[in-house]
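Residue-level structure breakdown
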Amino acid sequence: MVIDGKTKTCGLIGNPVEHTLSPLIHNTLAGLMGHNFVYVPFPVAEGRVDEAVRGAYALDILGMNVTVPYKSEVIGSLTAVDELAAQIGAVNTLVRTDTGFKGYNTDMSGLFRAMTAEGIRIEGEEILLLGAGGAARAVAYLCASQKAKKVYLLNRTLDKAQKIAEEVNRVFAGEVIIPMRLSDYSNLPERRFLAVQATSVGLAPHDDEVIIEDAAFYQKIHTGFDLIYKPFTTRFMRLVKDAGGEACNGLKMLLYQGIDAYELWNRTTVTQKDADAVYEKLRSATNPC
Ligand code: NAP
């Protein structure tokens, strides 16, 4: 990589940022596509997000990713926000405009591309969504916007599931999201579902943990999509496969949220060949054996 006076810079703001895989995604894409571009992580201390965004704009930074814990807080520092990102209330990508940064949510568009790449449909499906944190919220919006038939939103803390359901059902003027207490999973209808695992249970180093232990629950799942990608094969995925279903992890979601951001910043389209090459790098970085 040659850095010169014309190099365009993008970066990541969050806290912490030390373990991020985003530089691998973006710097690999820049190399493959021959762009004079560099991507750098910037740790931002609590209370300094607005300063960081203004500073980045003054420094002619082309765009930024935003990670935990600033995906909502950053909205107050933007001059425009994409409609769906505004509804979700979370932004993970800032794109430079003539007046300031505009915010997007490529976590959600990236998940949709990842699901499409895995041959998973949302439209017309009945879906189990496990979790009601930040990621699950975006998944609930994605499912409603892509016309899922029903989404059973199961969470340990019921009122968080109820809050998301009320909000999404209001925005999409329907009753698509049905909140449930996680422990009530045996009350689900007798059929097979697409299940999205959006809790943090099972995330490395807690590889042996899983959100629901009961093997009978996994008979209800035809396809399990775990947002976790470390470990590469989660216990949730193993239980889905043991019950005869298909399972995939969240690595392609990570890949495509990055590709969507890269395309927005550089006004380009990443080819499938380049996307596959980046995926292989991510796979080696997260699953070295
Ligand atoms: P979050 O906001 O902290 O939410 C955590 C969720 O996990 C909540 O629903 C919480 O339930 C549930 N939970 C945590 N510990 C639990 C336990 N012991 N028993 C039952 N439920 C438990 O986290 P997030 O940002 O939504 O992230 C969720 C997962 O998605 C993480 O593993 C993250 O790595 C992954 N993710 C992946 C990508 C990707 O690109 N692949 C992107 C974003 C996130 P309560 O509400 O009851 O506390």
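Source: prediction; values computed, not measured. (Residues numbered from 1 in each chain as written. Predicted model: local features only at pLDDT ≥ 70, side-chain atom pairs only at ≥ 80, totals over all residues. Heavy atoms only, no water.)

1. Focus: the packing of helix α5 (residues 134-145) against helix α6 (residues 158-171)
For clarity, the cut-off: Simply put, an axis is a line fit to the C-alpha atoms, just over the touching stretch for a helix, and the angle between two N-to-C directions goes from 0 to 180 degrees. Note on conventions: DSSP H or I runs of at least 4 residues are helices, E runs of at least 2 residues are strands, and numbering of each starts at the N terminus. Orientation categories follow fixed angle ranges, with anything under 35 degrees roughly parallel, anything over 145 roughly antiparallel, 65 to 115 roughly perpendicular, and all other angles oblique. It is the rotation of the near helix from the far one that decides the hand of a crossing: anticlockwise by less than a right angle makes it left-handed, clockwise makes it right-handed. Any two residues whose heavy atoms approach within 4.5 Å are treated as being in contact. Under the grouping applied here, Gly and all other residues not named as nonpolar or charged are polar, the nonpolar ones being Ala, Val, Leu, Ile, Met, Phe, Trp, Tyr, Cys and Pro and the charged ones Asp, Glu, Lys and Arg.
Where α5 contacts α6, the two axes come as close as 10 Å, and the packing angle between them is 30 degrees. If you check the angle between α5 and α6, you find them roughly parallel. Considering how the two elements wind past one another, α5 and α6 form a crossing that is right-handed. Here Arg137, Ala140, Tyr141 and Ala144 of α5 come into contact with α6, specifically with Ile164, Glu167, Val168 and Val171. In terms of residue class, the contact of α5 with α6 is made up of 6 nonpolar, no polar and 2 charged.

2. Describing the domain arrangement of the chain
What counts here: For the purposes of this description, domain bounds are those given by an automatic or database domain assignment. When two parts are put together, the accessible area they lose, computed with a 1.4 Å probe and summed over both, is reported as buried area. In what follows, salt bridge is the name for a side-chain nitrogen of Lys or Arg lying within 4 Å of a carboxyl oxygen of Asp or Glu.
By domain assignment, the chain separates into domain 1 (8-104 + 255-286) and domain 2 (109-249). Between the C-alpha centres of domain 1 and domain 2 there is a distance of 26 Å. Taken together, the contact pairs 13 residues of domain 1 with 15 residues of domain 2. The contact between domain 1 and domain 2 buries some 1,100 Å² in all, and 59% of this surface belongs to carbon and sulfur atoms. Where domain 1 meets domain 2, there are 2 salt bridges. For arginine 113, the salt bridge is made with aspartate 260, and the minimal N-O distance between the two is 2.3 Å. Broken down by class, the residue content of the side of domain 1 that touches domain 2 amounts to 6 nonpolar, 4 polar and 3 charged.

3. Brief notes about helix α9 (residues 272-286)
Keep this limit in mind: Multiply 1.5 Å by the residue count of a helix minus one, and that product is the helix's expected span. Burial classes follow relative accessibility: with a 1.4 Å probe on protein chains only, a residue under 20% of its type's maximum area counts as buried, one over 50% as exposed, and anything between as partly exposed. As used here, the arc belongs to the directions running from the helix axis to the C-beta atoms.
Relative to the 21 Å expected for 15 residues at 1.5 Å per residue, α9 spans 21 Å between its end C-alpha atoms, a close match to the ideal helical length. Regarding α9, the residues found buried are Asp274, Ala275, Val278, Tyr279, Leu282 and Thr286. Buried residues in α9, looked at end-on, bunch into an arc of 140 degrees, giving them a common side.

4. A closer look at the sheet that holds strand β10 (residues 193-197)
What counts, and what does not: Strand pairing is assigned whenever DSSP detects at least two bridges linking the two strands.
Pairing is parallel in the open sheet, where 6 strands are placed in the order β9-β8-β7-β10-β11-β12. At either end of the open sheet lies a strand with only one pairing partner, and these are β9 (177-181) and β12 (246-248). Direction aside, the axes of adjacent strands within the sheet are offset by 20 degrees on average. Bridge count between strand β7 (residues 126-130) and β10: 4 bridges; the pairing is parallel. Within the sheet, the bridge partner assigned to leucine 129 lies in β10 and is valine 196. Sitting on the sheet, helix α7 (residues 235-242) is in contact with β7, β10, β11 (221-226) and β12, with an inclination near 165 degrees to β11.

5. Description of unusual backbone geometry
Here the residue pair valine 68 and proline 69 is connected by a cis peptide bond, since its omega of 5 degrees sits within 30 degrees of zero. Cis geometry is adopted by the peptide bond preceding proline 231, which originates at lysine 230 and carries an omega value of 10 degrees. Here proline 231 shows up in the loop between β11 and α7. Despite not being glycine, aspartate 60 shows a phi value in the positive range, around 65 degrees. If you trace the backbone, aspartate 60 turns up in the loop between α2 (49-58) and β3 (63-66).

6. Some thoughts on the site of the ligand
The cut-off we apply is this: Only heavy atoms are used to decide nearness, and a residue is near a molecule or strand if one of them lies within 4 Å of it. Here a polar contact is taken to be a pair of N or O atoms separated by no more than 3.5 Å, where protein atoms must pair a possible hydrogen donor with a possible acceptor and residues adjacent in sequence count only if both atoms sit in side chains. Residue burial considers only the protein chains on display, and all accessible areas are found by Shrake-Rupley using a 1.4 Å probe.
For the ligand, the set of nearby residues contains 20 residues, the closest of which are Ala135, Asn155, Arg156, Thr157 and Lys160. One of the backbone nitrogen or oxygen atoms of alanine 135 is found 2.8 Å away from an oxygen atom of the ligand. Measuring from a nitrogen atom of the ligand, one finds a backbone N or O atom of leucine 227 at 2.9 Å. Against a free-state accessible area of 930 Å², the protein chains account for coverage of 72% of the ligand. Where the shell around the ligand is concerned, the elements lending two or more residues are α5 and α8 (251-266).

7. A few points about the packing of aromatic side chains
Under the convention used in this document: Side-chain rings of Phe, Tyr and Trp, where Trp is taken by its six-membered ring, are said to pair if the distance between their centres is within 6.5 Å; with planes under 30 degrees apart they count as stacked, over 60 as edge-to-face, and otherwise as tilted.
Enumeration over the complete set of coordinates arrives at 9 aromatic pairs. Ring geometry for tyrosine 39 versus tryptophan 265: centroids 6.0 Å apart, planes at 35 degrees, classification tilted. Residue tyrosine 39 is located in strand β2 (residues 37-43), and its partner tryptophan 265 is located in helix α8; the two are separated by 226 residues in the primary sequence. What makes tyrosine 39 buried here is its relative accessible area of 3%. Residue tryptophan 265 is classed as buried on the basis of its relative accessible area of 5%.

8. Structural notes on the state of the cysteines
What counts, and what does not: Two cysteine sulfur atoms make up a disulfide if the distance between them is within 2.5 Å.
Summed over the entire model, instances satisfying the criterion amount to 0 disulfides. In this structure cysteine 143 is a free cysteine whose sulfur lies 14 Å from that of cysteine 248, the closest cysteine sulfur available. Looking at cysteine 248, the relative accessible area reads 10%, which means it is buried.

9. Observations concerning the pairing of β2
Two elements, strand β1 (residues 8-14) and β2, share 7 bridges in a ladder whose sense is parallel. Bridge pairing links leucine 12 to proline 41 in β2.

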